[in-house]
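Inside the fold
Chain by chain, the residues run as shown.
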Amino acid sequence: GAVVSQHPSWVICKSGTSVKIECRSLDFQATTMFWYRQFPKQSLMLMATSNEGSKATYEQGVEKDKFLINHASLTLSTLTVTSAHPEDSSFYICSAMGPTPRTYEQYFGPGTRLTVT
Amino acid sequence: DAKTTQPPSMDCAEGRAANLPCNHSTISGNEYVYWYRQIHSQGPQYIIHGLKNNETNEMASLIITEDRKSSTLILPHATLRDTAVYYCIVRDGGGSYIPTFGRGTSLIVHP
(Lines give C-alpha, C1' and ligand atoms only; values in the text may rest on other atoms or scores of the structure.)
Protein backbone atom coordinates (compact mmCIF):
# COMPACT_ATOMS: atom_id res chain seq x y z
CA GLY A 1 0.00 0.00 0.00
CA ALA A 2 0.85 3.73 0.07
CA VAL A 3 1.84 4.16 -3.56
CA VAL A 4 2.58 7.55 -5.07
CA SER A 5 2.77 7.93 -8.82
CA GLN A 6 4.08 10.71 -11.01
CA HIS A 7 3.29 11.47 -14.61
CA PRO A 8 5.11 11.82 -16.85
CA SER A 9 8.25 9.97 -15.81
CA TRP A 10 10.25 12.10 -18.20
CA VAL A 11 9.53 15.03 -20.47
CA ILE A 12 11.46 17.11 -22.97
CA CYS A 13 10.13 20.55 -23.81
CA LYS A 14 11.28 23.63 -25.66
CA SER A 15 12.36 26.76 -23.90
CA GLY A 16 9.44 29.09 -23.24
CA THR A 17 6.79 26.42 -23.01
CA SER A 18 4.98 25.18 -19.91
CA VAL A 19 5.04 21.69 -18.49
CA LYS A 20 2.64 20.08 -16.02
CA ILE A 21 3.69 17.24 -13.73
CA GLU A 22 1.09 15.21 -11.85
CA CYS A 23 1.51 13.54 -8.48
CA ARG A 24 -1.11 11.06 -7.31
CA SER A 25 -1.56 9.08 -4.13
CA LEU A 26 -3.09 5.86 -5.42
CA ASP A 27 -4.41 4.17 -2.30
CA PHE A 28 -4.52 6.76 0.43
CA GLN A 29 -5.63 10.32 0.98
CA ALA A 30 -2.79 12.81 1.01
CA THR A 31 -3.62 15.82 3.13
CA THR A 32 -0.16 17.22 2.44
CA MET A 33 2.06 16.94 -0.60
CA PHE A 34 5.63 18.12 -1.03
CA TRP A 35 7.51 19.00 -4.20
CA TYR A 36 11.27 18.65 -4.45
CA ARG A 37 13.84 19.45 -7.10
CA GLN A 38 17.11 17.58 -7.43
CA PHE A 39 20.06 18.59 -9.58
CA PRO A 40 22.74 16.05 -10.54
CA LYS A 41 24.86 14.83 -7.63
CA GLN A 42 22.93 17.01 -5.19
CA SER A 43 20.39 16.31 -2.48
CA LEU A 44 16.66 16.87 -2.70
CA MET A 45 15.69 20.51 -2.28
CA LEU A 46 12.22 21.20 -0.97
CA MET A 47 10.38 23.60 -3.26
CA ALA A 48 6.95 23.83 -1.71
CA THR A 49 4.41 22.26 0.61
CA SER A 50 0.76 22.05 -0.34
CA ASN A 51 -2.24 21.15 1.72
CA GLU A 52 -5.42 20.02 0.03
CA GLY A 53 -7.69 22.91 -0.80
CA SER A 54 -5.30 25.68 0.17
CA LYS A 55 -2.48 27.61 -1.43
CA ALA A 56 0.98 26.12 -1.48
CA THR A 57 3.73 27.37 0.81
CA TYR A 58 6.91 27.99 -1.15
CA GLU A 59 10.43 27.76 0.20
CA GLN A 60 12.62 30.82 0.09
CA GLY A 61 14.03 31.44 -3.37
CA VAL A 62 11.38 29.44 -5.22
CA GLU A 63 9.31 31.58 -7.59
CA LYS A 64 5.66 30.92 -6.98
CA ASP A 65 4.65 32.44 -10.32
CA LYS A 66 7.00 30.14 -12.17
CA PHE A 67 6.25 26.93 -10.32
CA LEU A 68 2.47 26.73 -10.00
CA ILE A 69 1.23 24.13 -7.55
CA ASN A 70 -2.35 22.97 -7.32
CA HIS A 71 -3.58 20.47 -4.74
CA ALA A 72 -7.23 20.31 -5.67
CA SER A 73 -8.05 16.92 -4.24
CA LEU A 74 -6.81 14.50 -1.59
CA THR A 75 -5.18 12.33 -4.23
CA LEU A 76 -3.78 14.76 -6.79
CA SER A 77 -1.29 17.59 -6.82
CA THR A 78 0.15 19.20 -9.93
CA LEU A 79 3.31 21.21 -10.51
CA THR A 80 3.35 23.42 -13.60
CA VAL A 81 6.68 24.84 -14.69
CA THR A 82 5.75 27.96 -16.65
CA SER A 83 7.94 29.46 -19.37
CA ALA A 84 10.53 26.78 -18.83
CA HIS A 85 14.19 27.52 -19.44
CA PRO A 86 17.19 25.18 -19.67
CA GLU A 87 18.15 25.97 -16.07
CA ASP A 88 14.82 24.42 -14.99
CA SER A 89 16.02 21.06 -16.26
CA SER A 90 16.06 18.85 -13.20
CA PHE A 91 14.59 15.80 -11.48
CA TYR A 92 11.30 16.71 -9.81
CA ILE A 93 10.03 14.48 -7.01
CA CYS A 94 6.80 14.66 -5.09
CA SER A 95 5.88 13.06 -1.80
CA ALA A 96 2.57 12.62 -0.07
CA MET A 97 1.61 12.44 3.58
CA GLY A 98 -1.64 11.72 5.34
CA PRO A 99 -3.09 10.40 8.54
CA THR A 100 -3.15 6.90 7.04
CA PRO A 101 -1.86 4.26 6.32
CA ARG A 102 0.92 5.21 8.73
CA THR A 103 0.25 8.43 10.53
CA TYR A 104 2.06 11.26 8.80
CA GLU A 105 4.47 8.97 7.03
CA GLN A 106 6.04 10.48 3.91
CA TYR A 107 5.69 8.45 0.70
CA PHE A 108 7.67 9.41 -2.38
CA GLY A 109 6.87 9.30 -6.06
CA PRO A 110 9.33 7.89 -8.61
CA GLY A 111 10.28 11.33 -9.93
CA THR A 112 9.96 13.19 -13.24
CA ARG A 113 12.98 14.06 -15.33
CA LEU A 114 12.48 17.42 -17.06
CA THR A 115 14.78 18.48 -19.88
CA VAL A 116 14.32 21.92 -21.39
CA THR A 117 16.00 22.44 -24.74
CA ASP B 1 13.93 19.57 13.23
CA ALA B 2 17.39 18.55 14.37
CA LYS B 3 20.17 18.36 11.84
CA THR B 4 22.12 15.24 11.02
CA THR B 5 25.70 14.52 10.00
CA GLN B 6 26.63 11.59 7.78
CA PRO B 7 29.87 10.60 6.04
CA PRO B 8 29.69 11.57 2.37
CA SER B 9 30.63 8.14 1.07
CA MET B 10 31.26 4.56 2.09
CA ASP B 11 31.85 1.28 0.38
CA CYS B 12 31.54 -2.36 1.28
CA ALA B 13 31.90 -5.75 -0.30
CA GLU B 14 28.91 -7.65 -1.54
CA GLY B 15 27.60 -10.08 1.08
CA ARG B 16 29.14 -8.18 3.98
CA ALA B 17 27.30 -5.97 6.43
CA ALA B 18 27.11 -2.27 5.64
CA ASN B 19 27.05 -0.05 8.72
CA LEU B 20 26.03 3.53 8.00
CA PRO B 21 26.44 6.02 10.85
CA CYS B 22 24.48 9.18 11.54
CA ASN B 23 25.02 11.83 14.20
CA HIS B 24 22.03 13.78 15.49
CA SER B 25 23.31 15.33 18.69
CA THR B 26 20.54 17.95 18.95
CA ILE B 27 17.64 15.53 18.60
CA SER B 28 14.61 16.32 20.75
CA GLY B 29 12.79 13.84 22.93
CA ASN B 30 9.81 13.53 20.60
CA GLU B 31 11.80 13.26 17.39
CA TYR B 32 12.18 10.03 15.47
CA VAL B 33 15.15 8.88 13.40
CA TYR B 34 14.18 8.00 9.82
CA TRP B 35 16.28 6.42 7.11
CA TYR B 36 15.58 6.63 3.38
CA ARG B 37 17.62 5.63 0.39
CA GLN B 38 17.65 6.86 -3.17
CA ILE B 39 18.81 4.68 -5.99
CA HIS B 40 20.05 6.64 -8.98
CA SER B 41 17.26 8.44 -10.88
CA GLN B 42 14.51 7.13 -8.58
CA GLY B 43 12.46 8.64 -5.79
CA PRO B 44 13.56 8.06 -2.19
CA GLN B 45 12.52 4.80 -0.57
CA TYR B 46 11.63 4.45 3.11
CA ILE B 47 13.84 1.98 4.95
CA ILE B 48 13.18 2.13 8.67
CA HIS B 49 12.56 4.47 11.57
CA GLY B 50 12.79 4.43 15.36
CA LEU B 51 12.40 6.54 18.46
CA LYS B 52 14.74 5.04 21.04
CA ASN B 53 14.57 1.28 20.75
CA ASN B 54 16.49 -0.67 18.16
CA GLU B 55 14.35 -1.67 15.21
CA THR B 56 14.59 -4.37 12.56
CA ASN B 57 12.59 -5.04 9.44
CA GLU B 58 13.07 -7.03 6.27
CA MET B 59 15.39 -4.41 4.82
CA ALA B 60 17.64 -3.32 7.66
CA SER B 61 18.30 -2.83 11.35
CA LEU B 62 18.47 0.49 13.14
CA ILE B 63 20.62 0.85 16.23
CA ILE B 64 20.06 4.02 18.27
CA THR B 65 22.46 4.89 21.08
CA GLU B 66 21.09 5.21 24.57
CA ASP B 67 21.57 8.98 24.58
CA ARG B 68 19.92 9.08 21.10
CA LYS B 69 22.63 11.35 19.77
CA SER B 70 23.64 8.93 17.05
CA SER B 71 22.38 5.91 15.18
CA THR B 72 23.60 3.26 12.76
CA LEU B 73 21.73 1.72 9.87
CA ILE B 74 22.82 -1.85 9.24
CA LEU B 75 22.29 -3.68 5.98
CA PRO B 76 23.18 -7.19 7.11
CA HIS B 77 24.12 -8.70 3.75
CA ALA B 78 24.68 -5.93 1.23
CA THR B 79 24.03 -6.62 -2.43
CA LEU B 80 24.93 -4.66 -5.53
CA ARG B 81 21.35 -3.38 -5.62
CA ASP B 82 21.91 -1.66 -2.27
CA THR B 83 24.20 0.85 -4.00
CA ALA B 84 22.42 4.14 -3.33
CA VAL B 85 22.49 7.39 -1.38
CA TYR B 86 21.26 6.86 2.18
CA TYR B 87 19.64 9.72 4.05
CA CYS B 88 19.24 9.96 7.83
CA ILE B 89 16.55 12.39 8.97
CA VAL B 90 15.18 13.31 12.36
CA ARG B 91 11.63 14.53 12.60
CA ASP B 92 8.67 14.71 14.88
CA GLY B 93 5.76 12.38 14.34
CA GLY B 94 3.16 15.03 13.66
CA GLY B 95 1.63 16.50 10.53
CA SER B 96 3.45 19.80 10.86
CA TYR B 97 6.75 18.21 9.89
CA ILE B 98 8.58 19.98 7.04
CA PRO B 99 10.94 17.47 5.47
CA THR B 100 14.45 18.47 4.50
CA PHE B 101 17.26 16.27 3.27
CA GLY B 102 20.98 16.60 3.90
CA ARG B 103 23.60 15.27 1.53
CA GLY B 104 23.37 11.70 2.77
CA THR B 105 25.92 8.90 2.41
CA SER B 106 26.69 7.47 -0.98
CA LEU B 107 27.12 3.73 -0.43
CA ILE B 108 28.85 1.73 -3.11
CA VAL B 109 28.63 -2.05 -2.84
CA HIS B 110 31.33 -3.74 -4.89
CA PRO B 111 31.64 -7.36 -6.01
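Let us look at the structure shown here. (Residues numbered from 1 in each chain as written. Chains lettered and ligands numbered in written order. Predicted model: local features only at pLDDT ≥ 70, side-chain atom pairs only at ≥ 80, totals over all residues. Heavy atoms only, no water.)

Our focus in this paragraph is the overall build of chain B. Helices and strands together make up the secondary structure of chain B, namely 0 helices and 9 strands. Going residue by residue from the N terminus, the α and β elements of chain B occur as β-β-β-β-β-β-β-β-β. What you see for chain B is a C-alpha radius of gyration of 13 Å, in line with the 13 Å of a compact globule of 111 residues. Here chain B holds 111 residues, and the buried ones make up 41% of them. Restricting the contact set of chain B to residue pairs at least 6 apart, pairs at least 24 apart contribute 57%. Entry remark: accessible area of chain B is about 5,700 Å², with carbon and sulfur atoms responsible for 50%. Looking at charge distribution, chain B has the averaged site of its 9 positive side-chain charges lying 3 Å from that of its 10 negative ones. (Helix = DSSP H or I, 4+ residues; strand = E, 2+ residues; numbered from the N terminus. Rg over C-alpha atoms; globule rule 2.2 N^0.38 Å. Buried < 20%, exposed > 50% of the residue type's maximum accessible area, 1.4 Å probe, protein only. Contact = heavy atoms within 4.5 Å. Areas by Shrake-Rupley, 256 points an atom, 1.4 Å probe, with all protein chains shown as cover. Lys, Arg positive; Asp, Glu negative; His and termini not counted. Charge placed at Lys NZ, Arg CZ, Asp CG, Glu CD.)

What follows is about the layout of surface pockets. The calculated volume of the largest pocket comes to roughly 650 Å³. If you go around the largest pocket, you meet 26 residues; those closest to its centre are Gln38(A), Lys41(A), Gln42(A), Val85(B) and Tyr87(B). Class assignment for the residues of the lining of the largest pocket results in 10 nonpolar, 13 polar and 3 charged. (1 Å grid on protein atoms, 1.4 Å probe; cavity = no way out; pocket = protein on both sides within 12 Å on 5 of 7 lines; lining within 4 Å. Points joined across faces, edges and corners; volume = space filled by probe spheres on them. Nonpolar A, V, L, I, M, F, W, Y, C, P; charged D, E, K, R; others polar.)

A few words on the packing of aromatic side chains. Taken as a whole and judged by the stated rule, the model has 12 aromatic pairs over all chains. Ring geometry for Tyr36(A) versus Phe101(B): centroids 5.7 Å apart, planes at 85°, classification edge-to-face. With Tyr36(A) in strand S4 (residues 32–38) and Phe101(B) in the loop between strand S8 (84–92) and strand S9 (105–110), this residue pair bridges two chains. Overall, Tyr36(A) belongs to the buried group, its relative accessible area being 0%. On the accessibility criterion, Phe101(B) (10% relative accessible area) is buried. Relative to Tyr46(B), the ring of Tyr36(B) lies with its centre 6.1 Å away and its plane at 75°, an arrangement referred to as edge-to-face. Taken as a pair, Tyr36(B) in strand S3 (residues 31–38) and Tyr46(B) in strand S4 (residues 45–50) lie far apart in primary sequence, 10 residues in all. Judged by its relative accessible area of 1%, Tyr36(B) is buried. A network of ring pairs unites the aromatic residues Tyr36(A), Phe108(A), Tyr32(B), Tyr34(B), Tyr36(B), Tyr46(B), Tyr87(B) and Phe101(B) as a single cluster. (Phe/Tyr/Trp six-rings, centres within 6.5 Å; stacked < 30°, edge-to-face > 60°.)

Attention now goes to the pairing of strand S9 (residues 90–98) of chain A. Residue and element names in this part refer to chain A. Most of S9 is tucked away, with 9 of its 9 residues classed as buried. With burial as the criterion, each face of S9 is covered, one bearing Ser90, Tyr92, Cys94, Ala96 and Gly98 and the other bearing Phe91, Ile93, Ser95 and Met97. In the sheet, S4 pairs with S9 via 7 bridges, with the strands oriented antiparallel. Within S9, the position partnered with Thr32 by the bridge is Met97. Of the pairings in the sheet, the one linking S9 to strand S11 (residues 112–116) comprises 3 bridges and is antiparallel in character. Bridged to Tyr92 within S11 is Thr112. Bridge analysis of S9 against strand S10 (residues 105–108) gives 4 bridges, and the strand direction is antiparallel. Counterpart to Gly98 in the pairing with S10 is Glu105. (Pairing = 2+ DSSP bridges.)

Moving on, we come to the side chain of Gln6(B). All names here are of chain B. The topology assignment puts Gln6 in the segment before strand S1 (9–13). The class for Gln6 is buried, based on a relative accessible area of 16%. Of the polar contacts made by the side chain of Gln6, one reaches the backbone nitrogen of Cys88; its length is 2.9 Å. For Gln6, the contacting residues outside a window of four places in its chain are Pro21, Cys22, Trp35, Tyr86, Tyr87, Cys88, Gly104 and Thr105. (Polar contact = N/O pair within 3.5 Å; in protein donor to acceptor, adjacent residues only side chain to side chain.)

All names here are of chain B. Strand order across the open sheet formed by 4 strands is S2-S7-S6-S5, with antiparallel pairing between neighbours. Lying at the two open borders of the sheet, with one neighbouring strand each, are strand S2 (18–23) and strand S5 (55–56). In this sheet, strand S6 (residues 61–64) lies alongside S5 in antiparallel orientation, the contact comprising 2 bridges. Paired with Thr56 across the strands is Ser61, a residue of S6.

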